[in-house]
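# Structural overview
Given next are the chains, with one letter for each unit.
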Amino acid sequence: MAAYDIRIIGDPVLRQKARDVTDIDGALVRLVDDMIETMYEAPGVGVAAPQVGVQKRLFVWDIGDGPNAMINPEIIESDGEWTFEEGCLSVPGLSWEIVRPKLVHVVGRDLDGNEVSYEADEFEARMFQHELDHLEGTLLVDRLDPETRKEALATLRDLQIGAEPAKPSRGLRLR
Ligand code: NI
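Since we're looking at a predicted model, the values are computed, not measured.

### Re helix α2 (residues 122–135)
Under the 1.5 Å per step criterion, the end-to-end length of α2 is 20 Å for 14 residues, consistent within 8% with the ideal 20 Å. The buried count for α2 comes to 11 of 14 residues, which makes it a mostly enclosed element. Turning to α2, its buried residues number three or more, namely A125, R126, M127, F128, Q129, H130, E131, L132, D133, H134 and L135. Once α2 ends, the next one or two residues include G137, with phi positive near 80 degrees.

### Some thoughts on the sheet that holds strand β6 (residues 103–109)
If you walk across this open sheet you meet the 5 strands as β1-β2-β3-β6-β7, and the pairing is antiparallel. The open sheet terminates on both sides in strands that have one partner only, identified here as β1 (46–48) and β7 (115–121). Sheet twist, expressed as the mean angle between neighbouring strand axes with direction ignored, is 40 degrees. For strand β2 (residues 58–61) and strand β3 (residues 68–79), the ladder comprises 4 bridges, and the chain directions are antiparallel. Bridging from a neighbouring strand, L58 pairs with I71 of β3. The strands touched by helix α1 (residues 26–41) are β1, β2 and β3; relative to β2, the strand with the most contacts, the crossing angle is about 45 degrees. Against the sheet, α2 makes contact with β1, β2, β3, β6 and β7, and its axis sits at roughly 125 degrees relative to β7, the strand it touches most.

### Some words on the side chain of Q129
As for its placement among the helices and strands, Q129 is situated in helix α2. The exposure class of Q129 is buried, given its relative accessible area of 6%. A distance of 3.0 Å separates the side chain of Q129 from the backbone oxygen of P101, its partner in a polar contact. Excluding anything up to four places from it in sequence, Q129 contacts I75, R100, P101 and V104.

### Digging into the environment of P67
Residue placement: P67 occurs in the loop between β2 and β3. Taking the relative accessible area as the measure of exposure, P67 reaches 45% and is therefore partly exposed. When near neighbours in sequence (up to four residues on either side) are disregarded, P67 contacts I36, Y40, W61 and D62.

Conventions we followed
Residues numbered from 1 in each chain as written. Predicted model: local features only at pLDDT ≥ 70, side-chain atom pairs only at ≥ 80, totals over all residues. Heavy atoms only, no water. Helix = DSSP H or I, 4+ residues; strand = E, 2+ residues; numbered from the N terminus. Expected span 1.5 Å × (residues − 1). Buried < 20%, exposed > 50% of the residue type's maximum accessible area, 1.4 Å probe, protein only. Pairing = 2+ DSSP bridges. Axes fitted to C-alpha atoms, helices over the stretch in contact; angles between N-to-C directions. Contact = heavy atoms within 4.5 Å. Polar contact = N/O pair within 3.5 Å; in protein donor to acceptor, adjacent residues only side chain to side chain.

Pasting the structure below:
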């Protein structure tokens, strides 16, 4: 049983900007452990704190080198262009070809408070950009061109994924 349920598109927590982490304490370490467990259970290659309902700037990832966490991450440089079919645990079962920079330089802090720096390419760079988007309240559907985005939102509605509750129409109220 996973430590957390992954929040699904339509949940307002996924649309809020996360706040900087100011204290690295025991509670934060437990949060990271639980996020890693949730990531493996899903399974996924990355989970950002808003996806478990926590508005903090941190994410966990494992692209094959074991689990990692980054706190207050920032992209300080990006370059190139790379198209990749991208999915998200918060938009289950769907994926789209999305163009993003091919290379990024990400800096942040690890769980000991030490500065970390990653110069990442292709898949790793993609994962970092995707997780950083979550901290800004951005989801992959926002990275689609307007026409594809419209189709994507229609598909989500058809699948009843993250459907916003329909507002009752005044004209149709039953007595
Ligand atoms: Ni995601």
